[in-house]
Structure formats: structure tokens, C-alpha cells
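# Secondary and tertiary structure notes
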Amino acid sequence: MEQTKGNEMRNINVTDDHDDDEKWVYDSSVDHKGRLPLRASTGAWKASLFIIAIEFSERLSYFGIATSLIIYLTKVIHQDLKTAARSVNYWAGVTTLMPLFGGFIADAYLGRFFTVLCSTIVYLLGLILLTMSWFVPSLRACEGDVCAEPRKAHEVAFFLAIYLISIGTGGHKPSLESFGADQFDDDHPQERKNKMSFFNWWNSGLCSGLLLGVTVIVYVQDHVNWGIADIILTVVMASSLLIFIIGRPYYRYRMPSGSPLTPMLQVLVAAISKRKLPHPSNPADLYEVPNSQKAQGRLLCHTKKLKFLDRAAIVEEKENSFEKQDPWRLATVTKVEEMKLVLNMIPIWLATLPFGICVAQAATFFIKQGVIMNRNIGGFLIPPASIYSLAAIGMITSVIIYEKILVPILRKATGNERGIKILQRIGIGMLFSIATMIVAALVEKKRLGAVKKDPVNGSLSMSVFWLAPQFLIIGAGDGFALVGLQEYFYDQVPDSMRSLGIAFYLSVIGAANFLSSLLITLVDHITEKGGKSWFGKDLNSSRLDNFYWLLAIMTMANLLLFVFVAKRYSYKNVQSLAVANCNEDDHDAAGSMA
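Each value, and the rule that gives it
- Each chain has its residues counted from 1, running along the sequence as written.
- Given that this is a predicted model, residues contribute local features only at a pLDDT of at least 70 and side-chain atom pairs are listed and counted only at 80 or more, while totals for whole chains, interfaces and linings are drawn from all residues.
- Neither water nor hydrogens contribute to the side-chain values; these are computed over all heavy atoms in the structure.
- UniProt positions are given in the numbering used here, feature names are shortened, and annotations may be inferred rather than shown by experiment.
- Salt bridges, as used here, are contacts in which a Lys or Arg side-chain nitrogen is within 4 Å of a carboxyl oxygen on Asp or Glu.
- Only DSSP runs of H or I with at least four residues qualify as helices, and only runs of E with at least two residues qualify as strands; both kinds are numbered from the N terminus onward.
- Any residue under 20% of the maximum accessible area for its type is buried, any over 50% is exposed, and the rest in between are partly exposed; the area is computed with a 1.4 Å probe on protein chains only.
- To get an axis, a line is fitted to the C-alpha atoms, and for a helix only the part in contact is used. The angle between two axes follows their N-to-C directions and goes from 0 to 180 degrees.
- The scheme is simple: roughly parallel for angles under 35 degrees, roughly antiparallel for over 145, roughly perpendicular for 65 to 115, oblique for anything else.
- A contact between two residues is defined here by any heavy atoms of the two lying within 4.5 Å.
- Here the term charged refers only to Asp, Glu, Lys and Arg, the term nonpolar to Ala, Val, Leu, Ile, Met, Phe, Trp, Tyr, Cys and Pro, and the term polar to all other amino acids, Gly among them.
- By definition, pLDDT measures how confident the predictor is in each residue, and it falls between 0 and 100.
- By this rule, a helix spans an expected 1.5 Å times one less than how many residues it contains.
- The bend reported for a residue corresponds to the angle between axes fitted to the seven residues ending at that residue and the seven starting there.
- Under the rule applied, a polar contact is a pair of N or O atoms within 3.5 Å (in protein, one hydrogen donor and one hydrogen acceptor; residues adjacent in sequence only if both atoms are side-chain atoms).
- For any pair of crossing helices, the crossing counts as left-handed if the nearer helix is rotated counterclockwise from the farther one by less than a right angle, and right-handed if it is rotated clockwise.
- We define a nonpolar core as any set of buried Ala, Val, Leu, Ile, Met, Phe, Trp, Tyr and Cys residues linked to one another through side-chain atoms lying within 4.5 Å.
- Two rings from Phe, Tyr or Trp (for Trp, the six-membered ring) form a pair when their centres are within 6.5 Å of each other. A pair whose planes differ by under 30 degrees is stacked, one over 60 is edge-to-face, and the rest are tilted.
- Put simply, the grid is 1 Å and covers the protein atoms alone, a cavity is a trapped set of points that fit a 1.4 Å probe, a pocket is an open set with protein on both sides within 12 Å along at least five of seven lines, and lining residues have an atom within 4 Å of a point.
- Grid points are joined across faces, edges and corners, and a volume is the space filled by probe spheres set on the points.
- Within the patch definition used here, like charges are joined within 9 Å and nonpolar side chains (Val, Leu, Ile, Met, Phe, Trp, Tyr) within 5 Å, considering only residues with over 30% relative accessible area and no salt bridge.
- Throughout, the Shrake-Rupley method with a 1.4 Å probe supplies accessible areas, and for residues the shown protein chains are the sole cover considered.

The chain has the name Major facilitator superfamily (MFS) profile domain-containing protein in an unreviewed UniProt entry, where Gossypium darwinii is given as its organism. Per UniProt, the chain carries the Sequence similarities (unreviewed entry) text "Belongs to the major facilitator superfamily. Proton-dependent oligopeptide transporter (POT/PTR) (TC 2.A.17) family."

Listed below in C-alpha cells is the structure:
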């Protein structure tokens, strides 16, 4: 009888705990008043929709500027093709590397909400200055509509404006995306599945902004005025900022936890100081704090890789008391594993750079090819940058097919909650990038053949839609690789570094833009010595087809390296209980690309 009553009491307690978990969110987040968040009224889709709205506006303006930048530099600033391509790559590189600084500030000091707020204001200042460079007489490019040589003041104002936009993006992009993903609780089954869908729909919103940016905004730039387009972008961004602020009561917030680099340095120092100690035969002997309070954050399971770092968690005889331990002498297993996570990311980051170089070509050489091809459709002249909209269509299509068709099928087939592993998704995207470069090389070879037959009108004999396949394929590949990279760098970093994680993803594209510029310079120098440079004064005197074949071969060789690294990768393994049942064999197998 007493045993029956005891069982009933335990069942009541379990039910109460479950009801409590459903009512409140225990993932270290707080509401806008610093209290424990109420699940029903905060977070999830109700909050993330406000956040997606401001991302839509930012992408609308960013791609409206980025895809037309090479045309602006050649037509208004009068840079040659090579210089203009390098200028675009430098700007895109700065724009995608600045998030490393912005993500660090968000995680360590300001928090993600206030970082987004401040950086969006900087972004707005850049758009306002860009608008002024067209309407303030002393900042205009010249007096008339056609400039033989732009004023120096206009160049200064223009470049200052676009680099202010870079700085704004540096804080805005990593903080906003991680802030959106923070609205979903990893410990709640339904919200965890929704978070996996969040990255797909986030990129659909991003591509919708891109689509309008490279069609409507670019059309206004080409057929009305760049200044009018800048006014539209400024108004849209200001409106989205207002929407973002209105959503403040619905958000869940993560408090900044100080520099995420300090704990990693402490692990390294502790491991070095204990390098002569014998490694314990049982990992359970390593130091870990009890997870008695959910607010303390999640604990990680011990892994067998990078064993040298485990020495930081070895308890010495003089450290038997676990109170007020010196973090420079003794680290927890979780801190050690967080250090391992970051180190294990380095090979993956390096192996994704060639993919980023392929992506960089879409906003430079692909667009420039469209300029000199036949863009006339039924009497309507398509703006050259608008062809980039096909990449957005390819990405939206691939994301929808993946989310609505492939994931449900793959979940049943593999038993994996994501459908396929994150690195598998990235690898598939790399295959698309190889196909893109092959198709681009074949199309450019055909265009050059037409130019050889008719040097004056050869390019105009080919419709701009000959470029459609390469844009659609690279867009579809982005739906796998870019979304996969976002998931990977958000999910696999320590919980305290998630803004920096998104910054790591963006830095892949940023570093790839710089590498693309370096590669162009090297290839130009080598081929010029061989007789004729692949990069002439214009596209008709260039050999972009050879450059695309080079990228295809480089990416193909790199994919083999990526598969090798991915097969040996160990995914983050989070303890769900204070004393976790960590199956290291399953954990190690999770990294397989097979």
C-alpha cells in the first residue's frame, strides 16, 4: 500500500515538473524585464517573425547595393574591370569579416538585442549618407547626368557610406540571426524542431529581400535614379527597425557572459600547467560541477579527441575541495569540451573557403557578363544585376523542397531529427558549386566563340538567360551549403558564443572574397607572364572560362578534403541530465559524412 502511494506521489511530481517546463522556459534566457520567460507569450515563431522582418529589409538594401556595385564602379567611378572586381571583393570581404568583431561584442558585453539596435542605427546612417551623395550638390558625382570624372568628394562620401553599411552589417548580421534562433528552446521537443526549420525560413526571408533588391531596387537605380533607390532603402530600413523595437516584449534574451575567449585561454593554461600529470583511466574522475540549476546552462559530455586538453580537468590532491577553484588551474569538463569544439571547427572552416570563392563570382563576374549580353525581352531592358534574382529563386526553391519534401522523408529513413547531418548538407551544396563553375565555363566559352565570329555584336547575339543555369544552380547549392553553414556554426559553438558562431559562418564568405581577389591577382600575374592574361581590359579580351575551370578543379579537390575531415568530426554532445548517459561511440559516429 505504501509503495503504491509512493509511486503515485512520484507520478504527481513528474507531472508537475512537466507542466512547469511547459509553462516556463529554463534555457538560461530571460524576458524583457529580466524574469523567467513564460513559454506561451514569449519566443518561438511569435517573436522570430519580428526578427525576420528586419533581416528582410537589411538583405533588400544590401543586395540592392552589392549586386549593382561593380556596375556603379565601372560606370560612375570609372574603375576598370579588374579594379572594380577587387573593390567589390574587398567591400564584401570587410562586410562579412566585421561580424567577428560584432559577434564578440554581442556575446561578451552588449547582448544580441542591443547590438542589433546599435548596428542598425549605424546602417541607417550609411544609407542616409549614400542618399546625400546624390542629392547634396557638393557631394554629387558631377553637375550633369553623365560624368567624365567624378568629384573626389562624391567618391569619399560614397565609400564612407558603403563602409558604414559594412560596419552596421558587422553587428547586425551575426547578432540578429543568433537572436532569432535563441527564441527556440533546445530542451523543448517541438521548439527544437522549429529551430531546425527556422534557418530554412530565415533564408527564405533573406532571399525574398534579395529578390526585391536585385529587381525592384536595381530597376529604380537603372531607370529612375540611384538617389531615389537609396531613399526607398532608407525608409524600409527605418520602418523595419521600428517593427523590431515593437517586438521587444515578445523576445527571449540571453545575458552577455563576458569574453568567451577567456575560458578557452584558461583551459589551455591549465592543461599546459598539468602536462606531466598522468591521464585518468576513467573520464568520470575529471572535474565537473553539478548541474543543479537549469539557469547555469548545459553541460557537455566528455569526448576522446584532443586528450591533452583533458588535463585541465584533472583534480589534484590539493584541489579536493570543489569550492572557489582557480579557473586558471582547474577547468570543468564542459569548458574543456567547449575548447575542443572551437578547435575542431578550424579544419571545417578552412575546407569551406573554396566554396565561398565560387559564391563570390556570382556578384562580380556573373553580373558583369550580363551587362554585355542581350537583355532585351519584348522591348523591356532587364537591369544586369536583376539576373541575380535567379540565384534567389534557386535558393528559395531548394529550401522549400528540402524543408517540405526531403526532411520528412529523410527523418523516417535515417532516424535523424534533421534528416541528414549538417556536414552532409554542406557537402551536397559543394557539389552544386562545382556544377556551377562547369556550366559557367561552358557558357562563357560559347559567348567567346560568338565574339570571335562577330567582334562587334557577338555577345548581343546571346540572351542574358544563357546565364540562368549557373545562377539557378549556385542558388540551389546555397540552399544546402549556406543554410548548412549557418546551422553548423550556430549549433556547434559553445552556447555562450552563438553570435560569434554566426560571425564564423559569415567570415567564410568574407575570407573567400579576399581570397578571390588574391586569386585573380595571382592568375593575372602568372597568365600575363605566359603571354596573355586571363583578365583583359574587358570581358571580350579575357578568358573567364579558363578561370571558371580552375575554380571547378579547385573545388572538386577540396570536396575530397572536406569529406575526409567531416568523416572524423565529432558533433556537440549535450547532457540532458545532471548525470548524463553519454554514449561516446554514438557521439563519435555522429561526425560521419557517410
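Once the structure has been displayed, the description carries forward.
Enumeration over the complete set of coordinates arrives at 14 salt bridges. The partner of Lys340 in a salt bridge is Asp310, and the shortest N-O contact between them spans 2.9 Å. Taken together, the positions of Lys340 in helix α10 (residues 333-351) and Asp310 in the loop between α9 (261-273) and α10 put the pair 30 residues apart, joining distant regions of the chain. For Asp310, a relative accessible area of 1% puts it in the buried group. Here the residues in one salt-bridge network are Arg39, Asp185, Glu191 and Arg252, joined through shared partners.

The next thing to look at is the packing of helix α4 (residues 99-110) against helix α16 (residues 498-529). Following both chains from N to C, one finds α4 and α16 inclined at 175°, their axes separated by 7 Å at the closest point. Viewed along their axes, α4 and α16 adopt a mutual orientation that is roughly antiparallel. Contacts between α4 and α16 involve Pro99, Leu100, Gly103, Phe104, Ala106 and Asp107 from the former and Arg498, Ser499, Leu500, Ala503, Phe504, Leu506 and Ser507 from the latter. The class makeup of the residues in the contact of α4 with α16 is 8 nonpolar, 3 polar and 2 charged.

This brings us to the confidence of the model for the chain. Low-confidence regions, as indicated by low pLDDT, have predicted coordinates that should not be scrutinised in detail. Put simply, the chain has an average pLDDT of 80, and 88% of its residues get 70 or more. At the level of individual helices and strands, the chain shows its lowest average pLDDT in helix α18 (residues 584-589), which scores 42, and its highest in helix α17 (residues 544-567), which scores 93. Here residues 1-15 scores under 50 on pLDDT; set against residues more than four positions off or in separate chains, the count is 0 contacts. In this model, residues 584-594 is a region of pLDDT below 50 whose contacts with residues beyond four sequence positions or in other chains number 36 contacts.

If you check helix α7 (residues 189-223), its first and last C-alpha atoms are 51 Å apart, about what 35 residues at 1.5 Å a residue would give, namely 51 Å. Its maximal kink placed at Gly213, α7 deviates by approximately 30°.

Relative to the elements of secondary structure, Ser259 occurs in the loop between β2 (253-254) and α9. Taking relative accessible area as the criterion, Ser259 reaches 19% and is therefore assigned buried. At a separation of 3.2 Å, a polar atom in the side chain of Ser259 contacts the main-chain amide nitrogen of Leu261.

The next subject is the packing of α7 against helix α13 (residues 389-414). The interhelical angle for the contact between α7 and α13, taken along N-to-C directions, is 165°, at an axis separation of 8 Å. Comparing the axis directions of α7 and α13 gives the class roughly antiparallel. Where α7 crosses over α13, the handedness of that crossing is left-handed. Classifying every residue of the contact of α7 with α13 by side-chain character gives 13 nonpolar, 7 polar and 4 charged.

This part is about the nonpolar core. Tyr388 and Phe471 are the most contacted members of the largest nonpolar core, which totals 149 residues. Sorting elements by how many residues they give to this core places helix α2 (residues 44-75) first, with 14 residues. For Phe471, the contacting residues outside a window of four places in its chain are Ala362, Phe366, Ile367, Ile387, Tyr388, Leu390 and Ala391.

To continue, consider unusual backbone geometry. One non-glycine residue, Leu306, lies in positive phi territory at about 50°. Accessibility expressed as a relative area gives 38% for Leu306, which makes it partly exposed.

So, about the packing of aromatic side chains. Under the criterion given, the structure shown has 29 aromatic pairs. A ring pair is formed by Trp45 and Phe198, whose centres lie 6.5 Å apart and whose planes are at 45°; its orientation type is tilted. Of the two residues, Trp45 is situated in helix α2 and Phe198 in helix α7; the sequence distance between them amounts to 153 residues. Judged by centre distance (6.0 Å) and plane angle (70°), the rings of Phe104 and Tyr109 are edge-to-face.

Further remarks concern empty space enclosed by the protein. As enumerated under the stated definition, the model contains 3 cavities of 30 Å³ or more in all. Volume-wise, the largest cavity comes out at about 500 Å³. Along the walls of the largest cavity sit 30 residues, with Tyr62, Phe63, Val359, Tyr388 and Ile509 positioned nearest its centre. If you list the elements that add at least two residues to the lining of the largest cavity, you get α2, α3 (81-97), α6 (152-181), α7, α11 (353-362), α13, α15 (468-491) and α16. Per element, the largest residue contribution to the lining of the largest cavity is 5 residues, and it comes from α3.

Turning our eyes to something else, we now look at the environment of Leu460. Mapped onto the elements of the fold, Leu460 is located in the loop between α14 (422-453) and α15. Relative accessible area serves as the criterion here: at 45%, Leu460 is assigned to the partly exposed category. The spatial distance from the C-alpha of Leu460 to the C-alpha of Val371 is 9.8 Å, given a sequence separation of 89 residues. Beyond its immediate chain neighbours, meaning those up to four positions away, Leu460 contacts Ile372, Met373 and Asn374.

Side chains of Phe135, Val224, Ile228, Ile231, Ile232 and Val235 sit close together on the surface and give an oily, nonpolar patch of about 490 Å² of accessible area. On the secondary structure map, Val224 appears in the loop between α7 and α8 (226-246). The exposed category is assigned to Val224, whose relative accessible area is 53%.

Below, the discussion takes up the environment of Ala468. By the element assignment, Ala468 lies in helix α15. The class for Ala468 is buried, based on a relative accessible area of 11%. Residues Ala468 and Tyr388, 80 residues apart in the sequence, show an inter-C-alpha distance of 8.8 Å.

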